Amino acid sequence: MIYSIGIDLVQIRRIRAALDRYGDKFAKRILGEKEWEIYLERLDKANFLSGRFAAKEAVMKTLLSYFEHGELYYKSVQILNDIYGMPYVHLEDTDRERIFKKEVKISISHEREIAAAVAIMTGD
Ligand SMILES: CC(C)(COP(=O)(O)OP(=O)(O)OC[C@H]1O[C@@H](n2cnc3c(N)ncnc32)[C@H](O)[C@@H]1OP(=O)(O)O)[C@@H](O)C(=O)NCCC(=O)NCCS
């Protein structure tokens, strides 16, 4: 069953500008521990970070009705990649319990100017 969906678009130049201005500190404020390891390996960091940003916002849109304002953090909604490159959502255990262990699936795309992501919350 599908419970909710979320979508988000990010202009890559805005993320690139923030990275130019604040450096990796900007990325560190947004990325969780495991995402940070992926970020360090990516050559086009603005592209990667834009995709992650869009994905986190899309996931948060699927979660909003289960959380109070201020209870969700960019860092705790991690978007990782499986061995095929397919992205998946890694939530903290406490956050997963809040959504009664439903699952959120994610898809990400990057174009020259825009990164986009769609998320779907599914469960029994
Ligand atoms: C994965 C693929 C679809 C990416 O498409 P693209 O237009 O080059 O790039 P996009 O920006 O739209 O998508 C990139 C994102 O796709 C996602 N992605 C990568 N591999 C994926 C996979 N196997 N399944 C689903 N999503 C995948 C990732 O989130 C990636 O971004 P990230 O690495 O920052 O997380 C493309 O490289 C591809 O088709 N690869 C497989 C080719 C193949 O095996 N074809 C034959 C069978 S159809």
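Quick notes on the rules
- Residues numbered from 1 in each chain as written.
- Predicted model: local features only at pLDDT ≥ 70, side-chain atom pairs only at ≥ 80, totals over all residues.
- Near = placed C-beta within 6 Å.
- Helix = DSSP H or I, 4+ residues; strand = E, 2+ residues; numbered from the N terminus.
- Nonpolar A, V, L, I, M, F, W, Y, C, P; charged D, E, K, R; others polar.
- Axes fitted to C-alpha atoms, helices over the stretch in contact; angles between N-to-C directions.
- Left-handed = near helix turned anticlockwise from the far one by under 90°.
- Contact = placed C-beta atoms within 7 Å.
- Core = buried A, V, L, I, M, F, W, Y, C linked by C-beta atoms within 7 Å.
- Buried ≥ 20, exposed ≤ 12 C-beta atoms within 10 Å, placed from the backbone.

Phe48, Gly51, Asn81, Tyr84, Gly85, Met86, Pro87, Ile108, Ser109 and His110 make up every residue found near the ligand. Secondary-structure elements contributing two or more residues to the shell around the ligand are α4 (45-63) and β4 (103-110). The element best represented in the shell around the ligand is β4, accounting for three residues. Its residues assigned to classes, the shell around the ligand shows five nonpolar, five polar and no charged.

Running from amino to carboxyl end, helix α1 (residues 12-22) crosses α4 at an angle of 115°, the nearest separation of the two axes being 9 Å. Between α1 and α4 the crossing geometry is right-handed. Between α1 and α4, the residues in contact are Ile12, Ile15, Arg16 and Leu19 and Lys45, Ala46, Asn47, Leu49, Ser50 and Phe53, respectively.

In terms of nonpolar packing, the biggest core is built from 25 residues, with Ala54, Ala55, Ala58, Val59, Ile106 and Ala117 touching the most fellow members. Of all the secondary-structure elements, those providing two or more residues to this core are α1, α4, β2 (77-81), β4 and β5 (114-122). Aside from chain neighbours lying at most four places away, what touches alanine 55 is Ile79, Pro87, Ile106, Ile108 and Ala117.

Note that all results are geometric; they support no functional claim without further evidence.
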